[in-house]
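Coordinates in review
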Amino acid sequence: QVQLVESGGGLVQPGGSLRLSCAASGSISSIKVMGWYRQAPGKQRELVANILSDRFTNYADSVKGRFTISRDFAKNTVYLQMNSLKPEDTAVYYCNVVSQIRIYWGQGTQVTVSS
């Protein structure tokens, strides 16, 4: 079974930083895309950032300049460095992996930005 193990969430004050990580373990076909989505209460899940095999990245407009996505190809791990966090960033963050044959989701990790 393929598992996406997420870590790094928690409570942080506005202006603070967090670093999320997601490691894909188990048998998996070649990974094409790794990324992060988030979902706040009462809202739809939205793309935060992703990174392709050629290292091309995409970011939601709301996080550009503050978040940085990176990937360790050898370890099948994706990271999301989140700086200058705002209360609006509060959500459950989900790791997303697209392989050649399937789409996988992490269990979600809570990020809360509050004083």
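Scroll up a little and you will see the structure.
Structural notes, computed from the coordinates. Computed from a prediction, not measured in an experiment: that's the story for all the values here.

1. Here's the deal with the overall build of the protein chain
- The helix and strand tally for the protein chain stands at zero helices and eleven strands.
- A globule of 115 residues ought to have a C-alpha radius of gyration of about 13 Å, and the protein chain, at 13 Å, matches this closely.
- For the protein chain, the C-alpha atoms occupy an extent of roughly 40 × 25 × 25 Å along the three principal directions.
- A buried classification covers 40% of the 115 residues belonging to the protein chain.
- Restricting the contact set of the protein chain to residue pairs at least 6 apart, pairs at least 24 apart contribute 53%.
- By element, 47% of the accessible surface of the protein chain is carried by carbon and sulfur atoms, the whole surface being about 6,300 Å².
- The average position of the 12 basic charges and that of the 7 acidic charges among the side chains of the protein chain differ by 4 Å.

2. As for the pattern of salt bridges
- This structure, assessed with the given rule, holds four salt bridges.
- Between Arg-38 and Glu-46 there is a salt bridge, with its nearest N and O atoms 2.9 Å apart.
- On the accessibility criterion, Arg-38 (6% relative accessible area) is buried.
- With relative accessibility at 36%, the residue Glu-46 sits in the partly exposed group.
- With its nearest N and O atoms 3.2 Å apart, the salt bridge here joins Asp-61 to Lys-64.
- Classification of Asp-61 by relative accessible area gives exposed; the value is 65%.
- Here the salt bridges share partners, and the residues they tie into one network are Arg-38, Glu-46, Arg-66 and Asp-89.

Rules used in this analysis
- Residues numbered from 1 in each chain as written.
- Predicted model: local features only at pLDDT ≥ 70, side-chain atom pairs only at ≥ 80, totals over all residues.
- Heavy atoms only, no water.
- Helix = DSSP H or I, 4+ residues; strand = E, 2+ residues; numbered from the N terminus.
- Rg over C-alpha atoms; globule rule 2.2 N^0.38 Å.
- Buried < 20%, exposed > 50% of the residue type's maximum accessible area, 1.4 Å probe, protein only.
- Contact = heavy atoms within 4.5 Å.
- Areas by Shrake-Rupley, 256 points an atom, 1.4 Å probe, with all protein chains shown as cover.
- Lys, Arg positive; Asp, Glu negative; His and termini not counted.
- Charge placed at Lys NZ, Arg CZ, Asp CG, Glu CD.
- Salt bridge = Lys/Arg side-chain N within 4 Å of Asp/Glu carboxyl O.

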